[in-house]
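Residue strings, one per chain:
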Amino acid sequence: MRTVCWMPLLAGVLFAAPIVAEEVTSAQSVDPSSAVDPVLGLRVPPGFRATVFADVDGYARHLAVRDDGTVYLALTVRMGRGSDMGVVAMRDTDGDGVADTREAFATDIPATALVFFEDDLYVGANTAIYRFSFNGDEVVPSGERDVVVSGFPEQRLHEAKTFAIDRDGNLYVNVGAPSNACMEEFRTRGSPGQQPCPQLQRQGGIWRYDARASNQTQADDGERYATGVRNAMAIEYNAARDQVYFLSHGRDALFTLFPEYYSAEDSAELPSEEMHALARGGNYGWPYTYYDHLQGKRLVAPEYGGDGSLAPPAGEYAEPIATFPGHWAPNDLLFYDGQSLPERYRGGALIVFHGSWNRAPLPQDGYKIVFRTFDGERPAADWEVFADGFKGVDVLANPGDAAHRPMSIAQDPEGVLYVSSTVSGRVWRIEYVGD
Amino acid sequence: MSGIRTLSTITLLWLVCGLAASQTDVADGEAIYTRDCLACHMADGRGVPGMNPPLTGSPWVSGPADSLAGFVLTGGFGPEILMARFDYLSDAELAALLMYIRAEFVGIDEPISADSIAAVRSQLP
């Protein structure tokens, strides 16, 4: 009976093969035939060397590296995971590639995002953004902790405040939506979406504040800069182009909620994880629409009358500049501008995918870092795998079995890369050593 | 003696048929599980850590069947929403689903009748 029960699903897999063919393998990408060192826990392209920089207790979040090379790692507790909170400062004082000093601070803050701006460390928590100032070359900031902006809604889903700061001191804060698709009834099959979605008043968008100011609140200061963003965990300022870019987590459960329009296979592959160039006043489509990279167009969400082929009115929503397969969960983005990697990496985007849970009954996917070159303002059509092997098994059915889940990427002043993993608290150092 | 033998035969037949019927129901339950539950609770019933609770080892799953039926029909009884409601399943479908879940994830191999699901449903607001 077990076999018989799976037959319709298998048929769906066979007859609805995905057309995602943008991933390319080259001499410069990860060699898919090479072995993953199970102790190290990842695989990098030829010419690169990865080492374990630190194993930290806690649920690791974003990384930032100070001008002196000190590596800062945010820690949080969320959804029953994690132990220590705050920020851990790590230094490799003897140059062996392994952190030999560790100092924690702000341990009362559930920290996710870290950005250095004008020598201060900005920390994104769940309902506020903080600023820490250093006296001289101290590793742990001894100055007062300033609240840059607070008063974001308390929410249990998509609660982490990631952000970017541009050269003018504009602070762009991702305020995630607290739901899957703003349904009238929580994840209930066939439920229509709320029209208009009230969550968009305070959430599901990018808010702008003054990074140099203090004690701003979401309600009284700043502005809703863009809307329709479900949760832009990966948001980054690109100084060379003076442009903020972001990737958002697409919605879940098309098949479970609307089996009349979607197969389990459709639902595993859709919707796209979208990459955008942030524009003032932009509407990025959530919850009314989603993007379908298999059809190459934006579609109306089934909660709002969509059926898997109905397109919204033209011009209402922004088009992504790049897309990735569904549920990969983009959690960080780095535009490489260092000197130690080969020239082809300069100006390109390294994107960290935490990995899926909502691709069952197909194997889970993501759990990798990809590299995408940029041609002027837009990313190239193809992308390649820069690091994978994190999940520790070839075929992952349950995300709980992943050895590591990549979370963040940062570069030090010399251009060496650091990568963190949430579930294991591991931080790797990745350098280019050549042939 | 003959009466007792007849009774035994009938009991045996009832048991065999009941067992066969229950096997069919468990099979249907698996199909429903695959369609409606697996995306969140996973094929192995362990859920997604920190996100979607496990069915393996769950006191709701190993507890009384009518409590479990009420949970699934209401999405956790409320007022806090824990899960979507699955009240669109028929009494027979829900009975088959719960039998599958209990057999597969907590090792309880007991028949659940559609009537018992209907009784739970009738008590819900």
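Treat the numbers as computed from the prediction; the structure is a model and nothing was measured.

## Quick notes on the overall build of chain B
So, step 1. Looking only at helices and strands, one finds 6 helices and 0 strands in chain B.
So, step 2. Each helix (α) and strand (β) of chain B, taken in turn from the N terminus, gives the series α-α-α-α-α-α.
So, step 3. Counting all 125 residues of chain B, 34% fall into the buried class.

## Structural notes on the overall build of chain A
So, step 1. Broken down by element type, chain A carries 3 helices and 29 strands.
So, step 2. A compact globule built from 435 residues would reach a C-alpha radius of gyration of about 22 Å, and chain A, at 21 Å, matches this within 12%.
So, step 3. For chain A, the spread of C-alpha atoms along the three principal axes comes to 65 × 55 × 40 Å.
So, step 4. Buried residues in chain A amount to 51% of all 435 residues.

## Quick word on the interface of chain A and chain B
So, step 1. Counting residues at the interface gives 22 residues for chain A and 20 residues for chain B.
So, step 2. Sorting elements by how many residues they give to the side of chain A that touches chain B places helix H1 (residues 2–15) of chain A first, with 3 residues.
So, step 3. The residue inventory of the side of chain A that touches chain B, partitioned by class, reads 12 nonpolar, 6 polar and 4 charged.

## With respect to the environment of A:Tyr304
All names here are of chain A.
So, step 1. Mapping Tyr-304 onto the fold places it in the loop between strand S19 (297–300) and strand S20 (322–324).
So, step 2. For Tyr-304, a count of 18 C-beta atoms within 10 Å translates into the label partly exposed.
So, step 3. Counting along the chain gives 16 residues from Tyr-304 to Tyr-288, while the straight-line C-alpha distance between them is 6.0 Å.
So, step 4. Ignoring sequence-local partners within four residues, the contact set of Tyr-304 consists of Gly-193 and Tyr-288.

## Some details on the packing of helix H4 (residues 65–74) of chain B against helix H6 (residues 114–123) of chain B
All names here are of chain B.
So, step 1. As a packed pair, H4 and H6 sit with axes 9 Å apart at the nearest point and diverge in direction by 60 degrees. Accordingly, the angle class assigned to the pair H4 and H6 is oblique. H4 and H6 meet at a crossing whose hand is right-handed. Only Ser-116, Ile-117, Val-120 and Arg-121 of H6 make contact with H4, whose side of the interface consists of Ala-65, Asp-66, Ala-69, Gly-70 and Leu-73.
So, step 2. Within the contact of H4 with H6, the residues separate by chemical class into 5 nonpolar, 2 polar and 2 charged.

## Here's the deal with the sheet that holds strand S27 (residues 406–411) of chain A
Residue and element names in this part refer to chain A.
So, step 1. The strand order across the open sheet formed by 4 strands is S1-S29-S28-S27, and the pairing between neighbours is antiparallel. The strands lining the two open edges of the sheet, one partner per strand, are strand S1 (48–55) and S27. Across the sheet, the mean angle separating the axes of adjacent strands is 25 degrees when strand polarity is ignored.

## Considering the nonpolar core
So, step 1. In terms of nonpolar packing, the biggest core is built from 104 residues, with A:Leu73 and A:Val123 touching the most fellow members.
So, step 2. When near neighbours in sequence (up to four residues on either side) are disregarded, A:Val123 contacts A:Ala74, A:Val87, A:Ala106, A:Ile109, A:Ala111, A:Leu114, A:Tyr130 and A:Phe132.

## A look at the sheet that holds strand S11 (residues 170–175) of chain A
All names here are of chain A.
So, step 1. If you walk across this open sheet you meet the 4 strands as S10-S11-S12-S14, and the pairing is antiparallel. Strands at the two margins of the open sheet, each flanked by one partner only, are strand S10 (163–165) and strand S14 (223–227). Strand-to-strand twist across the sheet, computed as the mean angle between neighbouring axes with direction ignored, equals 25 degrees.
So, step 2. Looking at chain direction, S10 and S11 are connected through 3 bridges and run antiparallel. Within S11, the residue paired with Ala-164 across the bridge is Tyr-172.

## Concerning H4(B)
Residues and elements named next belong to chain B.
So, step 1. Along H4, the residues classified as buried are Ala-65, Leu-68, Ala-69, Phe-71 and Val-72. Seen along its axis, H4 keeps its buried residues to an arc of 160 degrees; they face one direction.
So, step 2. Looking at the packing, one finds that the buried side of H4 touches helix H3 (59–62), helix H5 (91–105) and H6.
So, step 3. Gly-75 occupies a position one or two residues after H4 and carries a positive phi of about 80 degrees.

## Let's talk about the confidence of the model for chain A
Regions with low pLDDT should not have their predicted coordinates read in detail.
So, step 1. Averaged over all residues, the pLDDT of chain A equals 93, while 95% of them reach at least 70.
So, step 2. Confidence drops under pLDDT 50 across residues 1–21 of chain A; counting only partners more than four residues distant or on other chains, this segment forms 22 contacts.

## As for the environment of A:Asp96
Residues and elements named next belong to chain A.
So, step 1. Following the sequence through the fold, Asp-96 ends up in the loop between strand S4 (86–91) and strand S5 (101–105).
So, step 2. In this structure Asp-96 comes out as exposed when scored by C-beta crowding, with 9 C-beta atoms within 10 Å.
So, step 3. Remark: the alpha-carbon pair of Asp-96 and Ala-213, spanning 117 residues in sequence, is separated by 40 Å.

## Quick look at unusual backbone geometry
So, step 1. A cis amide bond links A:Leu270 to the next residue, A:Pro271, at an omega of -10 degrees.
So, step 2. Residue A:Pro361 follows A:Ala360 across a cis peptide bond; omega there is 10 degrees.
So, step 3. Relative to the assigned elements, A:Pro361 resides in the loop between strand S22 (349–353) and strand S23 (368–372).
So, step 4. Positive phi, normally seen in glycine, also occurs at A:Asp119, with a value near 75 degrees.
So, step 5. Looking at where A:Asp119 falls in the secondary structure, it is placed in the loop between strand S6 (113–117) and strand S7 (120–124).
So, step 6. Judged by the 9 C-beta atoms lying within 10 Å of it, A:Asp119 falls in the exposed class.
So, step 7. The backbone of B:Met42 shows a phi angle near 70 degrees, a positive value even though the residue is not glycine.
So, step 8. As for its placement among the helices and strands, B:Met42 is situated in the loop between helix H2 (38–41) and H3.

## Some remarks on the pairing of strand S28 (residues 417–421) of chain A
Residue and element names in this part refer to chain A.
So, step 1. Across the 5 residues of S28, 5 count as buried, placing the element largely inside the fold.
So, step 2. In S28, alternate side chains face the same way, and those of Leu-417, Val-419 and Ser-421 on one face and Tyr-418 and Ser-420 on the other are all buried.
So, step 3. Bridging between S27 and S28 involves 5 bridges; their strand directions are antiparallel. Residue pairing across strands places Gln-411 opposite Leu-417, the latter belonging to S28.
So, step 4. Here S27 hands over to S28 after 5 residues, with Gly-415 in that stretch at a positive phi of 95 degrees.
So, step 5. Both S28 and strand S29 (residues 426–432) contribute to a ladder of 4 bridges, which runs antiparallel. In the sheet register, Ser-420 faces S29, and the bridge partner there is Val-427.
So, step 6. The hairpin turn running from S28 into S29, its antiparallel successor, is 4 residues long, and Gly-425 in that turn takes a positive phi close to 70 degrees.

Thresholds applied
In this numbering scheme, every chain counts its residues from 1 along its sequence in written order. Whichever chain is written first becomes A and whichever ligand is written first becomes 1, with later ones labelled in order. This being a predicted model, a pLDDT of at least 70 is required before a residue's local features are given, and a value of 80 or more before pairs of side-chain atoms are given or counted; all residues contribute to the totals for chains, interfaces and linings. For helices the rule is a DSSP run of H or I covering at least 4 residues; for strands it is a run of E covering at least 2, with both sets numbered from the N terminus onward. Whether a residue is buried, exposed or partly exposed is read from the other C-beta atoms within 10 Å of its own C-beta, which are placed from the backbone; 20 or more gives buried, 12 or fewer gives exposed, and intermediate counts give partly exposed. Computation of the radius of gyration draws on C-alpha atoms, with the globule rule given as 2.2 Å multiplied by the number of residues to the power 0.38. Two residues form a contact once the distance between their C-beta atoms, set from the backbone, is within 7 Å. All residues other than Ala, Val, Leu, Ile, Met, Phe, Trp, Tyr, Cys, Pro, Asp, Glu, Lys and Arg, Gly among them, are scored as polar; the first ten of these are nonpolar and the last four charged. All axes here are fitted lines through C-alpha atoms, helices being fitted over the stretch that makes contact, and every angle between N-to-C directions spans 0 to 180 degrees. Orientation is classified from the angle alone, with under 35 degrees giving roughly parallel, over 145 giving roughly antiparallel, 65 to 115 giving roughly perpendicular, and any other angle giving oblique. Definitions for this section: a left-handed crossing has its near helix turned counterclockwise from the far helix by less than a right angle. A right-handed crossing has that turn clockwise. When DSSP finds two or more bridges between two strands, those strands count as paired. One nonpolar core equals one set of buried Ala, Val, Leu, Ile, Met, Phe, Trp, Tyr and Cys residues connected by C-beta atoms within 7 Å. Directions are taken from the helix axis to each C-beta atom, and the arc is the one they span. pLDDT runs from 0 to 100 and stands for how confident the predictor is about each residue.

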